[in-house]
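Here is what each chain is made of, one letter per residue.
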Amino acid sequence: IPLSQCNSMVAGAAATSRQVFISSDTIHSKELASVDTHINSTWCDTATSQSDGLHVVVCYKDGTSLYKSTRKVSRTAKRLSSIFFSSDSFDLEGRPCDVCDGYWIASDGGQPSTKDGNNTAIPKRLATEFKATEHFKVSLDMNDINQEVCITKLSTDSTNTLETTILNVIFLDLDKLAQSCIPTIPFDEHPSVTTKLYSGLLDSVISSLIRQPYFIGRNAVIHVKSEQLYRVIASAYPSNQCYVERVEFDRYVKSKLKEDDTEPKDNRSSGNIIRRLRQNKGAAHCPLSMYPARYVELPCAAGARESLIEICRFHNYDSERGCLRSKKAEMNPDLKGCDMTHNHCHSCGAKGHKAFQCALHLDTQQSRQQSLVFRLTSHGSIRSIPFHGYLANNSNNQNGDEHATIPALIVLAGRLRGRTLAACEMLPLISSPNNDSSTKQRWKALPNLLDHRGSHAACSPVGSGLAFVMGGGGVDGNLDTVEIINFHDKDVKWQTMTGRLSSPRHAFEAVACVTKNGASLFAVGGWKYGKVSCESVDKLTFEFSCTEGKQPSVDVQYLQNEARWTLCAPLLTPRRLHSVVASADGATIFVFGGYVDERNTTQSIEKYDISLNTWTAWDGLPYGETNCPLVQAVVDWNVSKIGRNEFLVFPFGEGNVVLRYSPETEQRFSPVMASSEKHLCLPIANWASFSATSSPSLNKAFLIGGTIDGKWTDRGFELDLDTLEWRELPPVSCARRRLASVVLE
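Computed from a predicted structure; not experimentally measured. (Residues numbered from 1 in each chain as written. Predicted model: local features only at pLDDT ≥ 70, side-chain atom pairs only at ≥ 80, totals over all residues. Heavy atoms only, no water.)

Caption draft 1: Geometry of the pattern of salt bridges. This structure, assessed with the given rule, holds 15 salt bridges. The partner of Asp636 in a salt bridge is Arg660, with the nearest N and O atoms 2.2 Å apart. Residue Asp636 is found in the loop between strand S31 (631–635) and helix H17 (637–640), and its partner Arg660 is found in strand S33 (residues 659–661); the two are separated by 24 residues along the sequence. Take Asp636: its relative accessible area is 3%, and that puts it in the buried class. The class for Arg660 is buried, based on a relative accessible area of 18%. With a closest N to O distance of 2.9 Å, Arg644 and Glu646 form a salt bridge. (Salt bridge = Lys/Arg side-chain N within 4 Å of Asp/Glu carboxyl O. Helix = DSSP H or I, 4+ residues; strand = E, 2+ residues; numbered from the N terminus. Buried < 20%, exposed > 50% of the residue type's maximum accessible area, 1.4 Å probe, protein only.)

Caption draft 2: View of the pairing of strand S22 (residues 509–514). Pairing of S22 with strand S23 (residues 518–524), which is carried by 6 bridges, proceeds in the antiparallel orientation. Within the sheet, the bridge partner assigned to Cys513 lies in S23 and is Ser520. Joining the antiparallel neighbours S22 and S23 is a turn of 3 residues. (Pairing = 2+ DSSP bridges.)

Caption draft 3: Just unusual backbone geometry, in detail. Even without glycine at this site, Leu577 takes up a positive phi of about 55 degrees. One can find Leu577 in the loop between strand S26 (566–567) and strand S27 (579–582). Using a relative accessible area of 17% as the deciding quantity, one classes Leu577 as buried. Positive phi, normally seen in glycine, also occurs at Asn686, with a value near 55 degrees. The residue Asn686 is located in the loop between strand S34 (669–671) and strand S35 (687–688) in this model.

Caption draft 4: Looking closely at the nonpolar core. With 39 residues, the main nonpolar core has Phe592, Leu648, Val649, Phe650 and Tyr661 as its most contacted residues. Put simply, the parts of the chain that give this core at least two residues each are strand S28 (588–592), S31, strand S32 (647–651), S33, S35, strand S37 (700–704) and strand S40 (716–720). Here Tyr661 is in contact with Phe590, Phe592, Ile605, Trp618, Asp619, Asn645, Glu646, Phe647, Val649, Arg668 and Phe669, once residues within four sequence places are set aside. Listed in part, the 30 residues of the second largest apolar core include Tyr103, Val138, Leu201 and Val244. (Core = buried A, V, L, I, M, F, W, Y, C linked by side-chain atoms within 4.5 Å. Contact = heavy atoms within 4.5 Å.)

Caption draft 5: Fine view of the sheet that holds S33. In space, the 4 strands of this open sheet follow the order S31-S32-S33-S34, with antiparallel pairing throughout. The open sheet terminates on both sides in strands that have one partner only, identified here as S31 and S34. When strand polarity is set aside, the average angle formed by the axes of neighbouring strands in this sheet is 30 degrees. The pairing of S31 with S32 spans 5 bridges and is antiparallel. Along S32, the bridge assignment pairs Val631 with Pro651. (Axes fitted to C-alpha atoms, helices over the stretch in contact; angles between N-to-C directions.)

Next up, the structure:
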């Protein structure tokens, strides 16, 4: 977009230098509180009329953050007023702040009565603190744009007295407004031009408001959801400051526009935006979403197989910032750097250059969407192997077919201290009882999830070759997206389903029930925002057939694009961090324990009849009514062979005796006996937050990850359900808790 066109579009907006920008992360920071006064002469010596008031613009990176800000409207306004509006020039020193009016601005009205879920939450929250008085429309002052915005004006019972500083608060989703106002502008290819347009659009909205008679002369705190402005403000901060005045902001944007105008187009990287968020928040331009995971095969010690290391995509495609994790580690030795390699090109696998400099990347974009493994041949050339083919050729089964990695234990994402992970790993499972050495098993890297997830759910219908990952806590809030991977595809990669869960949530579990003609997936319970657990149960049904010796017949395109989740009967007791397991015959689902709120757990066990769509309060865990431990449960496949439904229950924490649950017998719970005189216990004391899954074909259960004595662990164990003996698995490459695991069969 020519700079002249950008200037023409925003020429009509009444820009004001009486603005200061801060990011939402700094509102309650010590740096902001430690400064005595932030207002300098540029706020006073401006040509803008003093009646316009002073405006503090708080920028939020996503809608979730903006929504959370509505909980503390008055508190935030008073804090910012005490910092920015205390000046002798305006006779505000010592006068208390009183929030008078609130404004919710939307391109389509956004009134509380609207059915649009994206515009309902914030007005409803504001209506609890303000009283909606009127709705009106104003036209934007931008050239070449004929657009009206709808404004909901809300008010309190405050009165304008001389002893009170009257302050207005404004809430605006600038990203959504920009999409409706300027739909033809390719924002993501020109971030600096985008910032210019966004700031001009914000000025237009503000100038339309300050002309209203009840707004004139009032200061304002403006809460704006704009990922673009949020990112630019963080870069535009002057040294030793955690805010930027409008004059400095405009100067920074102008300098960036000049850089963009003089930079050769061929050298511009399309991967500058690196937000790890879903598509409607910018992830379509994140290197993690634009390019598949690729690996370099490195030799190990003598006698061991080769090892894989992933090539860093941020280092290769973000020409502006590169890999921030490695840069932070260089400045602070206490921080862990990037685990991936920065020595190889993501496009061709060679050393000495990055992918955005690679001729293969710039000219042909060859195999851009394929996961590859780069292997150095004996002749010194680089051979690229499809990632799926690499897994088959390097598996413990040397038949060389594409099913060689099945069955396999798969570990999916999780949390590591303050980090939310996207890394996935696969461990081919050995069914022969003679192969008891863990050195014959090795975890293999899988493509990363598209979203970083923790406390999420996962399941894999037996015989389908598919794995599903759903919901969980992401980098910036709860997720409702579902990712699917097909291990029978030539290019093994994660894809996001169009159908989503009924609500974003985490701390829940999912289970797959397989029938003769297909499978049904159930996502049960969880935790939404707030303090109360969730009772929702979502169901996804699809058809597939599995013939021995052939690939299963699954319409993956239907799953990805057309399949939709539906709501089932809700849980009787809402809960989170519970355990969900389906019976061996696939007719019922059992839910064990969990938290009902922030502090209290429940003993209750509920049974779901799939055919009747009904829940029944069935039993209670055999622990005390208070401080009932969380548990994980799996099917006892050894007993299911004789037609009985029984489960093994593994408790978290100190009580580590494994229990057998028999819902169809009079004595429901009994300790599992490893021998005639010894109870079966967990292999590690004080083990919690692990993930448990099982394999019907191998007749084994698997426990992995979690914490031991409160510390994150990479350990995992296999329980033989025939002999009731534990065997330790090779450690995963990354310790994690709140992970998900499935067995692919």
